[in-house]
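Examination of the molecular architecture
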Amino acid sequence: MSLLIGTSSKMNLTSTEAAAYLDVLRPLLADVVDRETFVLLPFTSIWVARDRLAGSRIRWGAQDVHPEDAGAHTGDVSAPMLADLGCAYVEVGHHERRRDHGETDELVAAKVTAVQRSGMTAIVCVGEVERRSFDEIAPELDRQLRLLRGCDPNRLVVAYEPAWAIGVGAVPAAPQWVGQAHAAVRDLLAGSAAQGSSSSRSVAVIYGGSVAPDGAGPLLAEPGVDGLFVGRAALDPRAFAAIVHTPVP
Ligand code: PGA
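The model shown is predicted, which means the values in this text are computed figures rather than measured ones.

Quick look at the environment of A138 now. Within the secondary structure, A138 is located in helix α6 (residues 134-145). When the C-alpha atoms of A138 and C151 are compared, they prove to be 20 Å apart, with 13 residues separating the residues in sequence.

Turning next to the nonpolar core. In terms of nonpolar packing, the biggest core is built from 70 residues, with L22, L82, L145, Y207, L228 and F240 touching the most fellow members. With 12 residues, the next largest nonpolar core counts F38, I123, V157 and A159 among its residues.

Okay, the layout of surface pockets next. A volume near 440 Å³ is recorded for the largest pocket. Lining the largest pocket are 14 residues, with K10, M11, Q63, R97 and H101 sitting closest to its centre. The greatest single-element share of the lining of the largest pocket, amounting to 4 residues, is contributed by helix α4 (residues 95-101). Grouping the constituent residues of the lining of the largest pocket by class yields 4 nonpolar, 4 polar and 6 charged.

We now examine unusual backbone geometry. With phi around 55 degrees, K10 is a residue other than glycine that occupies positive phi space. Mapped onto the elements of the fold, K10 is located in the loop between β1 (3-8) and α1 (15-28). The backbone of L13 shows a phi angle near 80 degrees, a positive value even though the residue is not glycine. Topologically, L13 is positioned in the loop between β1 and α1. A relative accessible area of 14% means that L13 is categorised as buried.

Our next topic: the confidence of the model for the protein. Counting all residues, the mean pLDDT for the protein is 95, and 96% of those residues have values of 70 or more. Within the protein, the lowest mean pLDDT, 56, falls on helix α8 (residues 198-201), and the highest, 99, falls on strand β3 (residues 58-62). Note on residues 193-197: pLDDT is under 50 here. Beyond four places in sequence and across chains, it has 6 contacts.

Of all 6 residues in β1, 6 are buried; the element is thus mostly enclosed. Here β1 shows a buried face lined by L3, I5 and T7 and a second buried face lined by L4, G6 and S8. Looking at chain direction, β1 and strand β2 (residues 35-40) are connected through 6 bridges and run parallel. Within β2, the position partnered with L4 by the bridge is E36. In this region the chain leaves β1, passes through α1 and returns to the parallel neighbour β2; the handedness of that crossover is right-handed. Alignment of β1 against strand β8 (residues 227-230), held across 4 bridges, turns out to be parallel. Bridging from a neighbouring strand, I5 pairs with L228 of β8.

Bringing the sheet that holds β8 into the picture now. Strands sit in the order β1-β2-β3-β4-β5-β6-β7-β8 around a closed barrel of 8 strands; the barrel is parallel. Strand-to-strand twist across the sheet, computed as the mean angle between neighbouring axes with direction ignored, equals 25 degrees.

Within the fold, D76 resides in the loop between β3 and α3 (79-84). Separated by 11 residues in the primary sequence, D76 and V65 place their C-alpha atoms 7.4 Å from one another.

So, about helix α10 (residues 237-244). The periodicity of an α-helix, 3.6 residues per turn, causes residues three or four positions apart to be oriented the same way. With 6 of 8 residues buried, α10 lies mostly within the body of the structure. On the buried face of α10, the contacting elements are β1, α1, β2, α9 (216-221) and β8. Its side-chain oxygen 2.9 Å from the backbone nitrogen of R238, D236 forms the N-cap of α10.

How two aromatic rings sit relative to each other is set out by the distance from centre to centre and by the angle between their planes. Counted under the stated rule, the structure contains 4 aromatic pairs. Plain terms: the ring middles of Y160 and Y207 are 6.3 Å apart, the flat faces sit at 45 degrees to each other, and that makes the pair tilted. Placement of the pair is Y160 in strand β6 (residues 156-160) and Y207 in strand β7 (residues 204-208), with a sequence separation of 47 residues. Each of the two residues, Y160 as well as Y207, counts as buried. Taken together, the ring pairs connect F38, Y89 and F229 into an aromatic cluster.

Rules and cut-offs
Residues numbered from 1 in each chain as written. Predicted model: local features only at pLDDT ≥ 70, side-chain atom pairs only at ≥ 80, totals over all residues. Heavy atoms only, no water. Helix = DSSP H or I, 4+ residues; strand = E, 2+ residues; numbered from the N terminus. Core = buried A, V, L, I, M, F, W, Y, C linked by side-chain atoms within 4.5 Å. Buried < 20%, exposed > 50% of the residue type's maximum accessible area, 1.4 Å probe, protein only. 1 Å grid on protein atoms, 1.4 Å probe; cavity = no way out; pocket = protein on both sides within 12 Å on 5 of 7 lines; lining within 4 Å. Points joined across faces, edges and corners; volume = space filled by probe spheres on them. Nonpolar A, V, L, I, M, F, W, Y, C, P; charged D, E, K, R; others polar. pLDDT = per-residue confidence, 0-100. Contact = heavy atoms within 4.5 Å. Pairing = 2+ DSSP bridges. Right-handed = clockwise from strand over helix to strand, strands pointing away. Axes fitted to C-alpha atoms, helices over the stretch in contact; angles between N-to-C directions. Polar contact = N/O pair within 3.5 Å; in protein donor to acceptor, adjacent residues only side chain to side chain. Phe/Tyr/Trp six-rings, centres within 6.5 Å; stacked < 30°, edge-to-face > 60°.

Here it is in structure tokens:
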């Protein structure tokens, strides 16, 4: 599988700002043919991505979704609405949503099902909140992953994003740690009885948390890292393009 490198702008980029951003980014990524790239924007800016990225290889998507397809859910946005805007990816279960909106593993799993039902790929964020030993984080990852075992592996990406590595002031996890965590994600997704099953191997596992141009190479070189999920560094489209172009040593 080719490397998957994308960004969520989080609660940044008005539709006007998104247009300017994508107009800079698109030509910078025009030569990228061996990597999949995506940009996840706020709901209000997704139409701009459809407008500005049509005909390019850059895919676009959303940062959240409601688990039901339609109905009396004031202010919410459904998967069919996102699919209708041409979204290829929908992020689900980011740490900030679990923390700020009390999203549970059950709700996250229901959202994944909704995304897949509408023909899109769900990017599910998992990761430990506190920096702890590997043995201590495994149960936390298991709890976040176990409800995803029945999902369509072909429309699932897992983003390993330890909360302690996300955001201003944080530093990325060490590449070796990330490699170990990604192997654990694959095993846990397969279930202990079926470690390393072929379906769990087909799920891309990408890393997110303070990814920046200078640290991207060693992360991508780590076995089991299928790509990167970039936050604040990618608010500069040139930095995002530099990450996308990172040679794998
Ligand atoms: P960050 O965000 O790169 O700003 O740490 C990453 C994320 O939350 O996906």
